[in-house]
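Structural overview
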Amino acid sequence: MLDCSEINVIIRKAKKEDMIQVYKLIKALAEFEKLEDQVKIDESTLIKDGFETGNPAFTCLVAEVSDGHIVGYALFYMSYSTWLGKSVFLEDLYVQPAYRKIGIGKQLFMAVAKTAYELSSKRLDFHVLSWNPAVDFYKSLGAESLTVSEKWELFRLNEEALNKMFS
């Protein structure tokens, strides 16, 4: 286990050239979640969607150590609530296992939360697998499970369902 005092980590906005490292972390997150077969994009898609358009689909923050290695990331985007207005949706937050439990995940999360706060957002939404130990981390910061408190269920139409619907 690393000691936080042993490493210097900065949280910064990702650059186009960071997407190669971020993509590797996305794959690692998918493996951790046992969903690696669901990753259908690559680093060129991240670059195109996040950096080569006038209206980027997402914002990405990275946790970079002093040697330039990216050890974590948070990817989020603006969403909209018809009840509250602008909000932020945190799609992913991941820190490499060797760098966990020293505050990097919290720094990334707080940076996203601060963005939501500064954008006059009324909320920060995210989902997490029920078995993920991060559930306790999020609860410790005041997050509530909408499945429990409001009985919301998360649904998805995947590519197969959409193709069937419109073929």
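These notes cover the structure that comes with them. Bear in mind the structure is a predicted one, so any value in this text is a computation, not a measurement. (Residues numbered from 1 in each chain as written. Predicted model: local features only at pLDDT ≥ 70, side-chain atom pairs only at ≥ 80, totals over all residues. Heavy atoms only, no water.)

A closer look at the pairing of strand β3 (residues 70–81)
Strand direction decides the pairing type here: strand β2 (residues 59–65) and β3, joined by six bridges, are antiparallel. Pairing of L61 across the sheet is with A74, part of β3. Counting the residues that bridge the hairpin from β2 to β3 gives four residues, and of these G68 lies at a positive phi of roughly 90°. Of the pairings in the sheet, the one linking β3 to strand β4 (residues 85–95) comprises 10 bridges and is antiparallel in character. Bridging from a neighbouring strand, S81 pairs with G85 of β4. The loop that links β3 with its antiparallel partner β4 comprises three residues. (Pairing = 2+ DSSP bridges. Helix = DSSP H or I, 4+ residues; strand = E, 2+ residues; numbered from the N terminus.)

Things to note about the nonpolar core
With 20 residues, the main nonpolar core has L90, L93, I104, L108, V112 and L124 as its most contacted residues. Put simply, the parts of the chain that give this core at least two residues each are β2, β3, β4 and α3 (104–118). Counting residues in each nonpolar core, the second largest holds 16 residues, with V22, L25, I26 and F58 among its members. (Core = buried A, V, L, I, M, F, W, Y, C linked by side-chain atoms within 4.5 Å. Buried < 20%, exposed > 50% of the residue type's maximum accessible area, 1.4 Å probe, protein only.)

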